[in-house]
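Commentary on secondary and tertiary structure
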Amino acid sequence: MYHTWMRFFTPSPLHHRLGLVCLGVGLQHGALPTVGPRTLDHHVAVIVNSGTGWFSGPDGRRTPVTGPTLIWLTPGTPHHYGADPGTGWDESFVDFTGPATTTYTELGCIEPDRPLVPLSDTAGPRAAVGRIVRAARRGNPLLEVETAAAVHELLVSLRRARADLGPDGDPVLQSLARDAYQPLSVAEHAAKHGMTPAELRTAVRRGAGCSPKDYLLTIRLGRAKELLAATDLPVAAVARRVGYDDPAYFSRLFARRVGTAPVRFREQQGRSVPGGWSDQVPDPDDPPMIGP
C-alpha cells in the first residue's frame, strides 16, 4: 500500500523571469511504484526522508538508497528508481526550472554529477516543501510567486543539510573565515591547513562555489561595509582592519566589486550608533523592547 498527494503548476513567462519557478510538488509514502526509466527536461529534488530503495542512472547500475537522502534528477539525464517493495519509503519531491539553476549549479547547490546526496537532517528541506504545499491551495493568487520563493529556500536548505557538512558548515571554510582579515596569500592559507593551493581551491569551490580568493574577498568587503557604515574610521584604517595595507588598492578593489567608492558608500549607508552596533542577532519573533 502507498499514499500519494501531488500538484503541478504552469507558471507564466513573466514568472519565469523570477529565475526559478516551481512546476510541481508531491508527498508520498509506502511501497511506491517504480519511476522510469525516463528522462526529464527540468530539475527535480526527490527527498527520501526515511526508508530504503534503489536508484540507477545512465549506466543502468542500481545503487542502494537509504533515507535521509537527496536524489537529484537533472535535465537530459536518464534515471530509474524505486522504493523497496517490502519497506517502502517516505518521499517529498519538487519539480522546478529556470535560468537560476545554472548559477545554483555553479555554486554547488545543485550537483548533476552527484545524483545521490546523503543528508544529515531533512527538517529544513521539509519546511521549504511544506511552504510549497501550503501555497498550492486552490485559487491562491500568489501561487507562482510563493512557490518560486520556496524553491530558492529549498536549494539552500538542501545544501545546508548535506551529511558531509557539520551544523556550522565546512570546517575549512570556517577556518578561512576566521583568518580572512590576515594579510595571507592563498598559498599561505593552504599551508596553514596542510593543503596545497590546488587542494584548497577544490575544497572551497566544493563548499562555497567560488575560489578561495573570492571567498575571502566577500568576507573582507562585508566587514569593510560594516566599518564604513557604523564607525568614523578613516578609509585607510578600515582597509588595514580587513587585511589591506595599501588603502589605494583597497579603494579600487572596493569600487570595482561594490560599484561605488568607500567614501560614497559611507555617505549613503552611514549610521551613527553610539557605542557601536550590537553583535547579538535579535530574535525576529521576540524583538527587544525599546524605550523605558
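Here the structure is a predicted model, which is why all the values come from computation and not from measurement. (Residues numbered from 1 in each chain as written. Predicted model: local features only at pLDDT ≥ 70, side-chain atom pairs only at ≥ 80, totals over all residues. Heavy atoms only, no water.)

Next up on the list: the domain arrangement of the protein chain. Its domain assignment divides the protein chain into domain 1 (1-159) and domain 2 (169-267). Contacts between the two partners involve four residues from domain 1 and, on the opposite side, four residues from domain 2. Of the roughly 300 Å² buried at the junction of domain 1 and domain 2 (both faces included), carbon and sulfur atoms supply 24%. Looking at the side of domain 1 facing domain 2, the largest losses of area belong to Glu106, Leu107 and Arg159, adding up to 79% of the total buried there. (Domains from an automatic or database assignment. Contact = heavy atoms within 4.5 Å. Buried area = accessible area lost by both parts, 1.4 Å probe.)

Once that is clear, we can look at unusual backbone geometry. The step from Gly36 to Pro37 runs through a cis peptide bond, and the omega angle for that step is 5°. Its place among the elements puts Pro37 in strand β3 (residues 35-38). Omega for the peptide link from Gly67 to Pro68 comes to 5°, which places this bond in the cis form. Relative to the assigned elements, Pro68 resides in the loop between β5 (62-66) and β6 (69-73). (Helix = DSSP H or I, 4+ residues; strand = E, 2+ residues; numbered from the N terminus.)

Here we come to the side chain of Ser157. Turning to its location among the elements, Ser157 is positioned in helix α4 (residues 143-160). On the accessibility criterion, Ser157 (13% relative accessible area) is buried. For Ser157, the side chain forms a polar contact with the main-chain oxygen of Leu154, separated by 2.9 Å. Setting aside anything within four residues of it in sequence, one finds Ser157 in contact with Gly124, Pro125 and Ala128. (Buried < 20%, exposed > 50% of the residue type's maximum accessible area, 1.4 Å probe, protein only. Polar contact = N/O pair within 3.5 Å; in protein donor to acceptor, adjacent residues only side chain to side chain.)

So, about the nonpolar core. Soluble globular proteins: nonpolar side chains tend toward being buried together. Of all hydrophobic cores here, the largest spans 27 residues; its most connected members are Leu70, Trp72, Val94, Phe96, Ile132, Leu154 and Leu158. Put simply, the parts of the chain that give this core at least two residues each are β2 (21-30), β4 (43-56), β6, β8 (89-97), α2 (100-106), α3 (123-135) and α4. When residues in this core are grouped by element, the largest group, six residues, is from α4. (Core = buried A, V, L, I, M, F, W, Y, C linked by side-chain atoms within 4.5 Å.)

Together, Leu18, Leu142 and Val145 make up a nonpolar patch on the protein surface, roughly 250 Å² of accessible area in all. Structurally, Leu18 can be placed in the loop between α1 (13-16) and β2. Residue Leu18 is classed as partly exposed on the basis of its relative accessible area of 42%. (Patch = residues over 30% accessible without salt bridge, like charges linked within 9 Å, V, L, I, M, F, W, Y side chains within 5 Å. Areas by Shrake-Rupley, 256 points an atom, 1.4 Å probe, with all protein chains shown as cover. Salt bridge = Lys/Arg side-chain N within 4 Å of Asp/Glu carboxyl O.)

Going through the model one piece at a time under the given rule, you end up with six aromatic pairs. Aromatic pair Tyr244 and Phe250: ring centres 5.9 Å apart, planes at 35°, arrangement tilted. Residue class for Phe250 comes out buried when judged on its relative accessible area of 0%. With a centroid separation of 5.8 Å and an interplanar angle of 70°, the aromatic rings of Phe254 and Phe265 are classed as edge-to-face. On the criterion of sequence distance, the pair formed by Phe254 in helix α10 (residues 247-258) and Phe265 in helix α11 (residues 262-269) is long-range, its members being eleven residues apart. For Phe265, a relative accessible area of 11% puts it in the buried group. Grouped by ring-pair contacts, the aromatic residues Tyr244, Tyr249, Phe250, Phe254 and Phe265 constitute a single cluster. We note Arg62 situated over the ring of Trp54; from NZ or CZ to the ring centre the distance is 3.5 Å. Its end group placed over the ring of Tyr244, Arg220 keeps NZ or CZ at 4.7 Å from the ring centre. (Phe/Tyr/Trp six-rings, centres within 6.5 Å; stacked < 30°, edge-to-face > 60°. Lys NZ or Arg CZ within 6 Å of the ring centre and 35° of its normal.)

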